[in-house]
Amino acid sequence: MDAFRIVGGHPLRGTVKVSGSKNAALPILFSSLLGGNFTLRNVPCLRDVQTTLSLLKQLGVATESLGEKKPSPSKGKHLPAGQGQEWTGLFSISDQGGAEYEAPYDLVRTMRASVLCLGPLLARKRRARVSLPGGCLIGARPIDIHLKSFEKMGARITIHHGYIDAETKGLKGSEIILPYPTVTGTENILMAAVLARGTTTIQNAAKEPEVIDLANFLLARGAKIKGAGTSSITIEGVTDLHDTEYAIMFDRIEAGTFLVGAALLGDRVRIEGVDPSRITSILRVLLNMGAEPIMEGDTITLGAIANPVGTSLRTLPYPGFPTDMQAQILPLMAISKGASSVIETVFENRFTHVMEMNRMGADIEIHGSQAIVRGGSRLEGATVMASDLRASAGLVLAGLVAEGETEIKRVYHIDRGYEAIEKKLESLGARIKRIQEDLP
Ligand code: UD1
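All of the points below concern the structure found in this document. (Residues numbered from 1 in each chain as written. Predicted model: local features only at pLDDT ≥ 70, side-chain atom pairs only at ≥ 80, totals over all residues. Heavy atoms only, no water.)

A few words on the packing of aromatic side chains. Counted under the stated rule, the structure contains two aromatic pairs. Their ring planes at 70° and their centres at 4.8 Å tell us that Phe38 and Phe217 sit as a pair that is edge-to-face. Of the two residues, Phe38 is situated in strand β3 (residues 37-41) and Phe217 in helix α7 (residues 209-220); the sequence distance between them amounts to 179 residues. Of the two residues, Phe38 and Phe217, both sit in the buried class. Here the aromatic rings of Phe217 and Tyr246 are separated by 5.5 Å at their centres, their planes lie at 70°, and the arrangement is edge-to-face. In this pair, Phe217 sits in helix α7 while Tyr246 sits in strand β14 (residues 245-247), placing the two residues 29 residues apart along the sequence. An aromatic cluster of at least three residues, connected via ring pairs, comprises Phe38, Phe217 and Tyr246. (Phe/Tyr/Trp six-rings, centres within 6.5 Å; stacked < 30°, edge-to-face > 60°. Helix = DSSP H or I, 4+ residues; strand = E, 2+ residues; numbered from the N terminus. Buried < 20%, exposed > 50% of the residue type's maximum accessible area, 1.4 Å probe, protein only.)

Okay, here's the thing in structure tokens:
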């Protein structure tokens, strides 16, 4: 198993380009199950993208990597699937019109977002069999809202032997009121509604930019969608979709992770390929802590905060502060002056990284859904264990600012959602290496 070895305290300097968004790429790739062909640009080289391509292949979608090949930024010995091979981010995708409709446990268990195949499969093939995703470390994460919405649209759903079986004689447009603005739930219903008979409205819809990206992509294919990015989306069903070429939006969370890295250790870091208006909640927190970002076009330049001060935040659905940035902001709070507070409102168990950060010298107490950070700590390198994707990124940032050597075990989590993060950080001057963990 791979691990990262980091020698902390080295300044970050230079330019880094943000990759395509994982959370936009996955639903757009799954929408291929609605039929037809298209070309995608800016597809990030991630383990979750590989998992999605494998699942799509099983479901009868052909995907082909196109374009002039250039070496992956992650060429090397111990690399996750996909990295180290040639990667252009350009794909041609075409549904072969087969009858396959099952997403098996082996793939779904490695990536919860596999449930995104339910909506388009039901809409196009009128049938879907998808393994229940099961629990995960950051909380129960049920998909009851997805399932109830499909029932409202005319699907019959049963659950047997750990599988969801869904079928319909044809989805019909409906008014769906979400009890919570679930992101993948909104995307799943949106994809189903695009080919449903009549008009669907989604009330209390998720407003995340990745939902807008999916809607813009579907609009480019001829879907009829209004209101994406607001809490009320209206979709008028169409009979089929046409070809298009589309570039996936930038990854907000990767951009935010580099921003925190720059705030910790930047000797001028220029982050390219971002739309600052999509990350205002992250920028606002950094400004409160003393950062002085310079925004120019699609770049943000930031240096280390000379005397960072603590702040308070609450994770919330967009446009609030993203839960996916909660682990990464903690090391900055740990070294800041004064106390900070983080209230996690999206997932019930998303502080597993705190114990590991405390082992590195942070002083963070958890009280239910609140983390109280006593600032002014000097972090020290230690051997720590990554427990999930964003927790891993938080530990990498802690390791970069800590004194001495940090070893982060189980970094396969980070490969799910960050494209060659160690190579990008290394290019900025960080001392970070991917190593093969010693086996017991
Ligand atoms: C998506 C993102 C993930 C991010 C999260 C919140 C993708 C692929 N993943 O995950 O990175 O952390 O949004 O911004 O885009 N819930 C229910 N029932 C449901 C659905 C959700 O109770 O049917 C609850 C969840 O348990 C959680 C909350 O709603 O507590 C938010 O979940 P949701 O917005 O659905 O997150 P995901 O779409 O899974």
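Glancing now at the environment of Phe250. Within the fold, Phe250 resides in the loop between β14 and α8 (252-265). Note on Phe250: relative accessible area 9%, which makes it buried. Through-space distance from the C-alpha of Phe250 to that of Thr184 is 18 Å; in sequence the pair is 66 residues apart. Setting aside anything within four residues of it in sequence, one finds Phe250 in contact with Val18, Ser19, Gly20, Ser21, Ala255, Gly273, Val274, Asp275, Arg278 and Ile279. (Contact = heavy atoms within 4.5 Å.)

A few words now on a positive patch on the surface. The grouping of Arg126, Lys152, Lys172 and Arg197 at the surface amounts to a positive patch. Mapped onto the elements, Lys172 comes out in the loop between β9 (163-168) and β10 (175-177). Judged by its relative accessible area of 39%, Lys172 is partly exposed. (Patch = residues over 30% accessible without salt bridge, like charges linked within 9 Å, V, L, I, M, F, W, Y side chains within 5 Å. Areas by Shrake-Rupley, 256 points an atom, 1.4 Å probe, with all protein chains shown as cover. Salt bridge = Lys/Arg side-chain N within 4 Å of Asp/Glu carboxyl O. Lys, Arg positive; Asp, Glu negative; His and termini not counted. Charge placed at Lys NZ, Arg CZ, Asp CG, Glu CD.)

Turning our attention to the pattern of salt bridges. Summed over all chains, the structure comprises 25 salt bridges. Its salt-bridge partner being Glu405, residue Arg5 comes within 3.5 Å of it at the nearest N-O pair. Of this pair, Arg5 sits in strand β1 (residues 2-7) while Glu405 is found in strand β23 (residues 405-409), placing the two residues 400 residues apart along the sequence. On the basis of relative accessibility, which here comes to 33%, the residue Arg5 falls in the partly exposed class. Three or more residues are tied together by salt bridges with common partners; here these are Asp2, Asp415, Glu422 and Arg434.

The next point concerns helix α12 (residues 389-401). Compared with an ideal rise of 1.5 Å per residue, which puts 13 residues at 18 Å, α12 spans 19 Å between its outermost C-alpha atoms and is within 8% of the ideal. Measuring from the side-chain oxygen of the N-cap residue of α12 to the backbone nitrogen of Arg390 gives 3.0 Å; that N-cap residue is Asp388. (Expected span 1.5 Å × (residues − 1). Polar contact = N/O pair within 3.5 Å; in protein donor to acceptor, adjacent residues only side chain to side chain.)

As a further point, take the site of the ligand. By nearness alone, 17 residues border the ligand, and Asp144, Thr182, Thr184, Asp324 and Val346 come closest of all. A distance of 2.6 Å separates an oxygen atom of the ligand from a polar side-chain atom of Thr184. Take Val346: an N or O atom from its main chain is 2.6 Å from an oxygen atom of the ligand. For the ligand, whose free accessible area comes to 740 Å², the fraction covered by protein is 86%. Where the shell around the ligand is concerned, the elements lending two or more residues are α5 (144-152) and α6 (183-194). (Near = heavy atom within 4 Å.)

What follows deals with the packing of α8 against α12. Between α8 and α12, whose axes approach to 10 Å, the crossing angle comes to 20°. Classed by the angle they form, the pair α8 and α12 counts as roughly parallel. Handedness of the α8/α12 crossing: right-handed. On α12, the residues that touch Ile253, Thr257, Val260, Gly261, Leu264 and Leu265 of α8 are Arg390, Ala393, Leu397, Leu400 and Val401. Looking at the contact of α8 with α12, its residues break down into eight nonpolar, two polar and one charged. (Axes fitted to C-alpha atoms, helices over the stretch in contact; angles between N-to-C directions. Parallel < 35°, antiparallel > 145°, perpendicular 65-115°, else oblique. Left-handed = near helix turned anticlockwise from the far one by under 90°. Nonpolar A, V, L, I, M, F, W, Y, C, P; charged D, E, K, R; others polar.)

Attention shifts here to the nonpolar core. A general feature of soluble globular proteins is that nonpolar side chains tend to end up buried together. By size, the foremost hydrophobic cluster in this structure holds 140 residues, and its most contacted members are Leu190, Val194, Leu218 and Ile329. Among the elements that make up this core, the one with the highest residue count is α8 (nine residues). Split by domain, this core shows at least three residues from each of two domains, domain 1 (2-19 + 250-436) and domain 2 (22-247). Setting aside its immediate chain neighbours within four residues, Leu190 contacts Ile202, Val211, Leu214, Ala215, Leu218, Ile225, Ile233 and Ile235. (Core = buried A, V, L, I, M, F, W, Y, C linked by side-chain atoms within 4.5 Å. Domains from an automatic or database assignment.)

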